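Summary of the model geometry
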Amino acid sequence: MAEFQAPVVEPNDYIEVTGAREHNLKDIDLRIPRNQLVVITGISGSGKSSLAFDTIYAEGQRRYMETFSAYARQFIGEMERPDVERIDGLSPVISIEQKTTSRNPRSTVGTITEIYDFLRLLFARAADAYSYVTGAQMVRYSEEQMQEQILTKYANSKVLILAPLVRGRKGHYRELFDQTRKQGYTKVRVDGEILELTPGLQVDRYKVHDIEVVVDRLKIGNERSDRLTDSLLTALRLGNGSIMIQNADTEELATFSKHLMDAVGGVSYEEPSPNTFSFNSPYGACPDCNGLGVINKVDLEKVIPDDSLTINDGGIVPLGESRDNITFKQLRAIAKKYQFSFATPIREIPEDALKTILYGGGKAVSVKLAGDYAYNLAYEGLIKMIERWYEETSSEKIRRWAEEFMTVDTCPGCSGFRLKKESLHFKIAGHHIGELAEMDIANLLEWFEGIEDKLSERQQAIGREVIKEIRLRLGFLLHVGLDYLTLNRPARTLSGGESQRIRLATQIGSQLTGITYILDEPSIGLHQRDNQKLIEALRQLADIGNSVLVVEHDK
């Protein structure tokens, strides 16, 4: 029996299109060289997009969909075959069109290029932590380092080994004291004072307290090292990884922790992870702006655009013109109290009265409230009411109404960096991740080019591969003429051409071969210098074994 041999298929050097009749194409036959940069040009209406996108790209997508199982295709839907007799030599097709990458306000240049993800990883593993209270570098100790420091610093001195239980919280803590006493401990340190653990002990529930349990009292010496070790382990367990050592004679206090901690300011950080530096995660996002970097703030000029008008004339715009409802009943009560009328120009209304109307804080006005949206104008104030309705309402109509009186302002909590203050105090070579994300691509790449000289040997060993990947991706963006962008630039503010070139840079970085790329007028809006960079990038994509088709309008 003759052995079966598969037919030898010669590589096709061309994409051959036969009988293309899609849209305004008139039975077109053509051959496009493979693995080269090819420009399809012509005047508007000449059929260049019909050929590139509606014929070649559509057929490539249809063939790709046919590789899926029948079960998968029922969810995707069938793709109609373009009006063409035959296309030979077609490789997998990727279209890079001019369209905005994302409308999501959380999507940035850094996230869509994944450069910010590598930055997060770098900072989580190699950054130095600093206290947001004192600015001092945070330290952490192993159990051996703690014992060594105590033996050296307190040699031949009597010390108290304390385990912190409560830090800056209110409460009477009667149950905590009873539980600690039942565990065999006899003394606690409350707000700097040593107290006996007696039955029923409690503190003022309305005051803020610091409470530590006295684990041991001993004189430090080499012959007591075993007892010191046992006491340290016990204190670390009770104090959740932190202990305090007090000199019994001088009452000098020192703090040691297995976690990142500022011994002077008493601040401690959780162990950093990539999510610590993500503004899309509750572990890293600024709590004031929820990771957006901006807040909607009521603009007084929009609330009262013309203070020469009266309330009757609708001078306080959110309230509208005077009418008979619960809001204006309260407003009349305020007017009566402060002795002004609705016919008084707003600029002449007494300052205390206007402050009460806008910001609240006055005494409750004696008007019976009713309805879901009734509110005490004198107590809450118009400004707070607008903010509350914007944040809490489920009605899009009410939210849009509130937005009419608001402006977008930089978040004061994070200064626009989107991250919580702890995350912004992890630094590499003096910069936190938010400052790097604000640099333009050219300056950021320059900063990374010389970063090794500013890192310790440990940081270099940890970050070597990540830094290499960041440089590579920044280089691709620079290569397509996007040196002026920043990683923090919102994706929804990018032009179609910028979004297209970002996707092009991503494709260059993927190093895929055997692909047919189709681009739609990539040179729109580019200066001559940037256009040259773009051409070089497209040629590079073709040089590694891809077919690059560029649809360009004939100018």
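Values in this document were obtained by computation on a predicted structure and should not be read as measured data. Per chain, residue numbering runs from 1 following the sequence as it is written. Note on the predicted model: pLDDT of at least 70 is required for a residue's local features to be given, and 80 or more for side-chain atom pairs to be given and counted; whole-chain, interface and lining totals, by contrast, use all residues. The side-chain values count all of the structure's non-hydrogen atoms but skip hydrogen atoms and water molecules.

Cysteine pairs can be covalently joined through their sulfur atoms, and such a bond is termed a disulfide. The criterion for a disulfide is a pair of cysteine sulfur atoms lying within 2.5 Å. Per the stated rule, a full pass over the model turns up zero disulfides. Looking at the unpaired cysteine 289, the closest cysteine sulfur is the one in cysteine 414, lying at 3.7 Å. Residue classification places cysteine 414 among the buried residues on the basis of a relative accessible area of 2%. For every residue, the accessible area (1.4 Å probe, protein chains only) is compared with the maximum for its type, and the residue is labelled buried under 20%, exposed over 50%, or partly exposed between those bounds.

One open sheet holds the six strands; their spatial order is β9-β8-β10-β7-β11-β12, and the pairing between them is antiparallel. Strands with a single pairing partner mark the edges of an open sheet, and in this sheet they are β9 (193–196) and β12 (253–257). Averaged over neighbouring strand pairs, the angle between their axes works out to 35° when direction is ignored. Across 10 bridges, the pairing between strand β7 (residues 158–170) and strand β10 (residues 208–219) is antiparallel. Among the inter-strand pairings, lysine 158 is bridged to a residue of β10, identified as lysine 219. Sitting on the sheet, helix α6 (residues 174–182) touches β7, β8 (187–190) and β10, and the angle it makes with β7 is about 150°. Strands are labelled as partners when DSSP assigns at least two bridges between them. Only DSSP runs of H or I reaching four residues or more are called helices, and only runs of E reaching two or more are called strands; each is numbered from the N terminus. Only the stretch in contact is used when fitting a helix axis, every axis being a line fitted to C-alpha atoms; angles between N-to-C directions are given from 0 to 180 degrees. Residue contacts are defined here by distance: any two heavy atoms, one from each residue, within 4.5 Å place the two residues in contact.

If you trace the backbone, serine 50 turns up in helix α1 (residues 48–65). In contact with serine 50, not counting residues within four places along its chain, are Glu22, His23, Asn24, Leu25 and Thr55.

A few words on the sheet that holds strand β20 (residues 547–553). The parallel open sheet is built from four strands, whose spatial order is β3-β20-β19-β5. Looking at the sheet topology across the chains shown, the edges are occupied by β3 (37–42) and β5 (93–96). Averaged over all neighbouring strand pairs, the angle between strand axes comes to 20°, with direction disregarded. As paired elements, β3 and β20 share six bridges and run parallel to each other. The residue of β20 that forms the bridge with glycine 42 is histidine 553.

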